[in-house]
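# A structural walkthrough
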Amino acid sequence: MRKKLGNNRKNRCRFCTKEGCPRPAFVDYKDVSNLKKLITSQGKMFSRKRSGLCATFQRAAGDAIKRARFIGLLPFVGE
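Residues numbered from 1 in each chain as written. Predicted model: local features only at pLDDT ≥ 70, side-chain atom pairs only at ≥ 80, totals over all residues. Heavy atoms only, no water.

Mapped onto the secondary structure, Ser51 falls in helix 2 (residues 48-51). Relative accessible area serves as the criterion here: at 11%, Ser51 is assigned to the buried category. Engagement of the side chain of Ser51 in a polar contact is seen with the side chain of Gln58, the distance being 3.2 Å. Setting aside anything within four residues of it in sequence, one finds Ser51 in contact with Arg14, Leu38, Phe46 and Gln58. (Helix = DSSP H or I, 4+ residues; strand = E, 2+ residues; numbered from the N terminus. Buried < 20%, exposed > 50% of the residue type's maximum accessible area, 1.4 Å probe, protein only. Polar contact = N/O pair within 3.5 Å; in protein donor to acceptor, adjacent residues only side chain to side chain. Contact = heavy atoms within 4.5 Å.)

Helix length check: helix 3 (residues 55-71), at 17 residues, gives a terminal C-alpha distance of 25 Å against a target of 24 Å (1.5 Å per residue), a fit within 8%. Listed in full, the buried residues belonging to helix 3 are Phe57, Gln58, Ala60, Ala61, Gly62, Ala64, Ile65, Ala68 and Arg69. (Expected span 1.5 Å × (residues − 1).)

It is worth spelling out unusual backbone geometry at this point. The omega torsion of the bond from Arg23 to Pro24 falls at -10°, within 30 degrees of zero and hence cis. Within the secondary structure, Pro24 is located in the segment before helix 1 (32-36).

Counting 15 residues, the largest nonpolar core has Phe15, Val27, Leu35 and Leu38 as the members making the most contacts within it. A total of 6 residues in this core trace back to one element, the largest contributor, which is helix 3. Setting aside residues no more than four positions away along its own chain, Leu35 makes contact with Val27, Asp28, Tyr29, Ala64, Ile65, Ala68 and Leu74. (Core = buried A, V, L, I, M, F, W, Y, C linked by side-chain atoms within 4.5 Å.)

Put into structure tokens, the structure is as follows:
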């Protein structure tokens, strides 16, 4: 008998509220701990399916990660 893992849990966007997606979608580029959860150990961004973000916040997270990399808060490549 095999266990089914994760079938009862829907992958929800971590930035959306119960009312819906807040506009404008903003992800803070200075919040490095939150951004590190959205990138792999190699420094690549997780896909929408893997990260669980909605399309609007996936785009905003991409921009925030690019800004954090440019400023030097996140590495371009993994360690």
